[in-house]
Amino acid sequence: MYVEFDRDTCVGMFQCVAEWDAFEKDLNDGKADLNGSEEESEDLFVVEVPDDEELDAKFAARSCPVDAIEVYEDDGEQVV
Ligand code: SF4
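Definitions and cut-offs
Residues numbered from 1 in each chain as written. Predicted model: local features only at pLDDT ≥ 70, side-chain atom pairs only at ≥ 80, totals over all residues. Heavy atoms only, no water. Helix = DSSP H or I, 4+ residues; strand = E, 2+ residues; numbered from the N terminus. Rg over C-alpha atoms; globule rule 2.2 N^0.38 Å. Buried < 20%, exposed > 50% of the residue type's maximum accessible area, 1.4 Å probe, protein only. Areas by Shrake-Rupley, 256 points an atom, 1.4 Å probe, with all protein chains shown as cover. Lys, Arg positive; Asp, Glu negative; His and termini not counted. Charge placed at Lys NZ, Arg CZ, Asp CG, Glu CD. Near = heavy atom within 4 Å. 1 Å grid on protein atoms, 1.4 Å probe; cavity = no way out; pocket = protein on both sides within 12 Å on 5 of 7 lines; lining within 4 Å. Sits in = over half its atoms within 2 Å of the grid points. Nonpolar A, V, L, I, M, F, W, Y, C, P; charged D, E, K, R; others polar. Salt bridge = Lys/Arg side-chain N within 4 Å of Asp/Glu carboxyl O.

Q: Looking at this structure, how should I read the overall build of the chain?
A: If you tally the helices and strands in the chain, you get 2 helices and 6 strands. Written out in order from the N terminus, the α and β elements of the chain read β-α-β-β-β-β-α-β. A globule of 80 residues ought to have a C-alpha radius of gyration of about 12 Å, and the chain, at 11 Å, matches this closely. With the C-alpha coordinates of the chain rotated into their principal frame, the extents come out at 35 × 25 × 20 Å. Residues counted as buried form 40% of the 80 residues belonging to the chain. In the structure as shown, the chain presents an accessible area of about 4,800 Å², 40% of it carried by carbon and sulfur atoms. For the chain, the centre of its 5 positive side-chain charges and the centre of its 26 negative side-chain charges are spaced 8 Å apart.

Now the structure itself:
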């Protein structure tokens, strides 16, 4: 399972931070940061989700009011 985070879309509401430790507040930018992620293209960050954090990652994605977080199975099927 992996997460795609569209940091350009993020408006810094920080619900995701409360749901999954991988997200941290960046108060300077007014955006979240996704720890351990790689920038796949401009402002699109991707990270593998550890097995025991899958629920948290899904909750984080569902909590985002602007749908900046998407969750995918390894075969590319979108989960959230
Ligand atoms: S919940 Fe969405 S808008 Fe809020 S900080 Fe997280 S990614 Fe950004």
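Structure's up, so let's keep going.
Q: Is there a simple way to explain the site of the ligand in this structure?
A: In the neighbourhood of the ligand, 13 residues make up the surrounding shell, with Cys10, Met13, Phe14, Cys16 and Cys64 lying closest. When atoms are counted within 2 Å of each cavity's grid points, the one that captures over half of the ligand is the largest cavity. Taken together, the residues that form the shell around the ligand break down as 11 nonpolar, 2 polar and no charged.

Q: When you look at the pattern of salt bridges in this model, what are you seeing that I'm missing?
A: Any two side chains of opposite charge can pair, given that their charged atoms come close. Inspection of the entire model under this criterion finds 3 salt bridges. Put simply, arginine 7 and aspartate 26 hold a salt bridge, and the shortest N to O gap is 3.2 Å. One end of the pair, arginine 7, is in the loop between β1 (2–6) and α1 (15–19); the other, aspartate 26, is in strand β2 (residues 23–26), and 19 residues separate them in sequence. Each member of the pair arginine 7 and aspartate 26 is classed as buried. Arginine 7 gets classed as buried once you look at its relative accessible area, which sits at 12%.

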